[in-house]
Every structure is written in structure tokens, then in C-alpha cells.
Amino acid sequence: MKFIDTHHDQWHTVGGEDGPMAHPPCKSYSLLTLAQWHAVRESWPLQGTPDYKPVGVIVPNDEDIEVIEADVSRLSLVVLQFPKWVDGRAYTQGHILRSRYRFGGEIRATGEVLVDMMPLLARTGFDAVALRHDQDRAAAERALGFFAARGHYQGDVQVTKPVFGRVA
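Overview of the structure.

Criteria and thresholds
- Position numbers for residues count from 1 along each chain, tracking the sequence in the order it is written.
- Per-residue local features are limited, in this predicted model, to residues with pLDDT of at least 70; the limit for side-chain atom pairs, both in listing and counting, is 80 or more; totals at the level of whole chains, interfaces and linings are taken over all residues.
- Neither water nor hydrogens contribute to the side-chain values; these are computed over all heavy atoms in the structure.
- Helix numbers and strand numbers start at the N terminus; a helix is a DSSP run of H or I with at least 4 residues, a strand a run of E with at least 2.
- When a residue's accessible area, from a 1.4 Å probe over protein chains only, is under 20% of the maximum for its type it is buried; when over 50% it is exposed; and in between it is partly exposed.
- This count recognises Lys and Arg as positive and Asp and Glu as negative, with His and chain-terminal groups excluded.
- We define a salt bridge as a contact between a side-chain nitrogen of Lys or Arg and a carboxyl oxygen of Asp or Glu at a distance within 4 Å.
- Polar contacts, as used here, are pairs of N or O atoms within 3.5 Å; protein pairs need one atom able to donate a hydrogen and one able to accept it. Residues neighboring in sequence count only if both atoms are side-chain atoms.
- The contact rule is simple, with two residues in contact once any of their heavy atoms fall within 4.5 Å.
- In this analysis, rings of Phe, Tyr and Trp, with Trp reduced to its six-membered ring, are considered paired at centre separations within 6.5 Å, and the interplanar angle assigns stacked below 30 degrees, edge-to-face beyond 60, and tilted for intermediate values.
- Within this scheme, the nonpolar core is defined by two criteria: the residues are buried Ala, Val, Leu, Ile, Met, Phe, Trp, Tyr or Cys, and they are joined through side-chain atoms within 4.5 Å.

Attention shifts here to the side chain of arginine 74. With respect to the element layout, arginine 74 can be found in the loop between β6 (55–59) and β7 (77–82). No salt bridge forms around the buried arginine 74; measuring N to O, its nearest opposite-charge neighbour aspartate 71 is 4.7 Å away. In terms of polar contacts, arginine 74 uses its side chain to reach the backbone carbonyl oxygen of arginine 41, at 2.7 Å. Once residues within four sequence positions are removed from consideration, arginine 74 is found in contact with Trp37, Arg41, Glu42, Trp44, Leu46, Tyr52 and Val55.

Structurally, arginine 41 can be placed in the loop between α1 (34–40) and β6. Judged by relative accessible area, which is 19%, arginine 41 ranks as buried. At 2.7 Å, the side chain of arginine 41 forms a polar contact with the side chain of glutamate 42. Engagement of the side chain of arginine 41 in a polar contact is seen with the side chain of aspartate 71, the distance being 2.3 Å. Other than its neighbours up to four places away in sequence, arginine 41 contacts Ala70, Asp71 and Arg74.

Turning our eyes to something else, we now look at the packing of aromatic side chains. Scanning all chains against the criterion turns up four aromatic pairs. When the centroid spacing of 5.1 Å and the interplanar angle of 85° are considered together, the rings of tryptophan 11 and tyrosine 29 count as edge-to-face. Note that tryptophan 11 is positioned in the loop between β1 (2–3) and β2 (12–13) and tyrosine 29 in the loop between β4 (19–20) and β5 (30–33), a separation of 18 residues in sequence. You can call tryptophan 11 buried: its relative accessible area is 9%. Taking relative accessible area as the criterion, tyrosine 29 reaches 30% and is therefore assigned partly exposed. Centroid distance phenylalanine 82 to tyrosine 91: 5.1 Å. Interplanar angle 70°. Geometry classified as edge-to-face. Across this residue pair, the class does not change: phenylalanine 82 and tyrosine 91 are buried. An aromatic cluster of three or more residues is present, and its members are Phe82, Tyr91 and Phe126.

What follows deals with the nonpolar core. Ile68, Val78, Leu80, Phe82, Leu97, Met118 and Leu121 are the most contacted members of the largest nonpolar core, which has 37 residues in total. Those elements that provide at least two residues to this core are α1, β6, β7, α2 (89–100), β8 (106–111), α3 (118–123) and α4 (137–145). Counting residues in each nonpolar core, the second largest holds five residues, with Trp11, Ile58, Leu77 and Val79 among its members.

The next thing to look at is the pattern of salt bridges. Summed over all chains, the structure comprises 11 salt bridges. Across the salt bridge formed by glutamate 112 and arginine 132, the nearest N and O atoms sit 2.6 Å from each other. Of the two residues, glutamate 112 sits in the loop between β8 and α3 while arginine 132 sits in the loop between β9 (128–129) and α4, which places them 20 residues apart along the sequence. Classification of arginine 132 by relative accessible area gives partly exposed; the value is 21%. One salt bridge connects arginine 137 with glutamate 141, and the closest N-O pair in it is separated by 3.0 Å. Of this pair, arginine 137 and glutamate 141 are both found in helix α4, four residues apart, which corresponds to roughly one turn of the helix. The class of arginine 137 is partly exposed, set by a relative accessible area of 46%. When salt bridges that share partners are traced, they join Lys2, Asp9, Glu106 and Arg108 into one network.

Position of lysine 2 relative to the elements: it lies in strand β1. Sequence spacing of lysine 2 and arginine 108 is 106 residues, and the spatial spacing of their C-alpha atoms is 8.8 Å. Separated by 2.7 Å, the side chains of lysine 2 and glutamate 106 make a polar contact.

Dropping the structure here:
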């Protein structure tokens, strides 16, 4: 799991004086809202072209993740939001991105991301987190290793079969 220091992140949102720009310029490591992405998606250079610029999109947890299904091959980063730690809809979004859409880029959790969430974040496809300001990174790393020796009974995005269905 990659831990994001928001003060030193290479990804940047594109805003103006009055909030997000309606039609942001094409720059590397731009992190766009859904509205911004939909405004520029047709003109954004494709991966593999000489003028390609990595782009990411922020998807609110109350948005259907299907809205970016056609774009997953064009995106390098998808940021999924946890506005409250008790709201787990972003887990489902992450799982769908990895298991159904085979998204190979970075899936990042932001918002009310707590240490206790680390194992489930990893199991549902997240590979980067921006911890809430009062959370300890060392504790989060320990939480990730808690089940490593024993494993999980249920399947997840990495090992899809439950324990009883795995070859010993």
C-alpha cells in the first residue's frame, strides 16, 4: 500500500478562483473532477501517443462507478472518497474497478480513511491511501500485515476463491 503525503503529491487538482475549472488544460498528473473529465475526455491525448499526459479522476462515493467504465484504459489514477468512515460505498467502487473492469492504475482512498480500514481497502483493490490527519502511518502498516500469515477465509480481488476452493 502506498501512503500519500498530500503536501508532496505529484497529482494536483485543477482549480480556479471560483472552484474547479470547467475546461482544464491538458497537463501531466492532473486530478480532475468527473465534470472536468467529461468536458475534456474526447480531447485528452491517448496513452501511447507522443503528447500523452497521465490523468486521474475523483469519483464521489455516491456516484455509480459505471460512469467511468469506458475510460478506465485512459486513466492512471482513480480517487475514491470516504466522506465518513462508516460509509463503505467506495469499497464497492474499488472492487468493481479491479475485478469487473480490470483497472490497472492506482486506486486511492481519501477522506475519513482510518487505520482500521487498511485490510479491507487492500482486499477491495485499493493500492494507495491518504490517511486522515490524525492517523498513524506505522499503525496502518501494522494493520496491513495483521492477516498476512493466516490469510482470509473469503476471496477478494487478489485471491478470488475462498479457502475451501483453493488448491493446497
